[in-house]
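In case you want the letters, here they are:
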Amino acid sequence: MSARLLRTLLVCLCLVAPLASGCSLREDESGGDEILFVREEADGPTIHLLPDEGEEARRLVAGDSPRWSPDGKLVAFARRPANTPRLGSNAELWVMAPDGGGARRLTPKGGHMAWLPDGNRLAVGLHDGSIHVWDAGSGELLRRFRSEDHIFSVVASPDGAVLLSASGKRRIEIWPL
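Below is a summary of the structure that appears in this document. No experiment lies behind these values; they were computed from the predicted model shown.

About the thresholds
- Residues numbered from 1 in each chain as written.
- Predicted model: local features only at pLDDT ≥ 70, side-chain atom pairs only at ≥ 80, totals over all residues.
- Heavy atoms only, no water.
- Phe/Tyr/Trp six-rings, centres within 6.5 Å; stacked < 30°, edge-to-face > 60°.
- Helix = DSSP H or I, 4+ residues; strand = E, 2+ residues; numbered from the N terminus.
- Buried < 20%, exposed > 50% of the residue type's maximum accessible area, 1.4 Å probe, protein only.
- Lys NZ or Arg CZ within 6 Å of the ring centre and 35° of its normal.
- Pairing = 2+ DSSP bridges.

**Looking at the packing of aromatic side chains**
Working step 1: In the structure shown here, the tally under the stated rule is two aromatic pairs.
Working step 2: On the basis of an interplanar angle of 40° and a centroid distance of 5.2 Å, the ring pair of F145 and W175 is categorised as tilted. Remark: W175 occurs in strand β15 (residues 172-176) and F145 occurs in strand β12 (residues 141-146); sequence separation between them is 30 residues.
Working step 3: A relative accessible area of 8% means that F145 is categorised as buried.
Working step 4: Over the ring of W94 we find R79; its NZ or CZ atom is 4.1 Å from the centre of that ring.

What follows is the structure in structure tokens.
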């Protein structure tokens, strides 16, 4: 498959179904698009970067569900612990530089993640009903909230003042930051 066709298909997937496709799109400083996508390999899912048009995709790290920070300086992703057959509620949350360098574990448990607009904080909703807000640079736990049921999704308001979570009891909850 040509690099141009791959780029076109990935842009479509990122725009239509970013969570289902495991793909994340951002516009770089020059106005081009950079795409993070997941490819299944023999040793499990791996995150690849497709830089600006005309360049080949590069394998970055083992992982899944990559998400660009709003400022494009970090990438959050899920990774399964060693000796674990598949990614699930046992996933760990990691952060790295966009080139794949400096990958480090942020949390021992992963979940549904959302960057806050400042690009420094990352909210993670867990299956146990807790929501954690982490400083992605230092790894410090900044806030903790508790829902009555497992969290399906978290999203930050555009101004970063509140988080919204959706739980298994079909409830939307608002958490002031």
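**Notes on unusual backbone geometry**
Working step 1: If you check the backbone angles, S65 has positive phi at about 55° while not being a glycine.
Working step 2: Along the chain, S65 turns up in strand β5 (residues 64-68).
Working step 3: Overall, the relative accessible area of 24% leaves S65 in the partly exposed class.

**A closer look at the pairing of strand β11 (residues 130-135)**
Working step 1: Across the six residues that make up β11, a large majority, five, are buried.
Working step 2: Pairing geometry for strand β10 (residues 121-125) and β11, over five bridges, is antiparallel. Residue G125 lies in a different strand from β11, and its bridge partner there is I131.
Working step 3: Between the antiparallel neighbours β10 and β11 lie four residues, among them G129 with a positive phi of about 95°.
Working step 4: Pairing geometry for β11 and β12, over five bridges, is antiparallel. Residue pairing for β12: I131 is matched across the bridge by F145.
Working step 5: Where β11 hands over to β12, the hairpin turn is made up of five residues, of which G139 adopts a positive phi near 85°.

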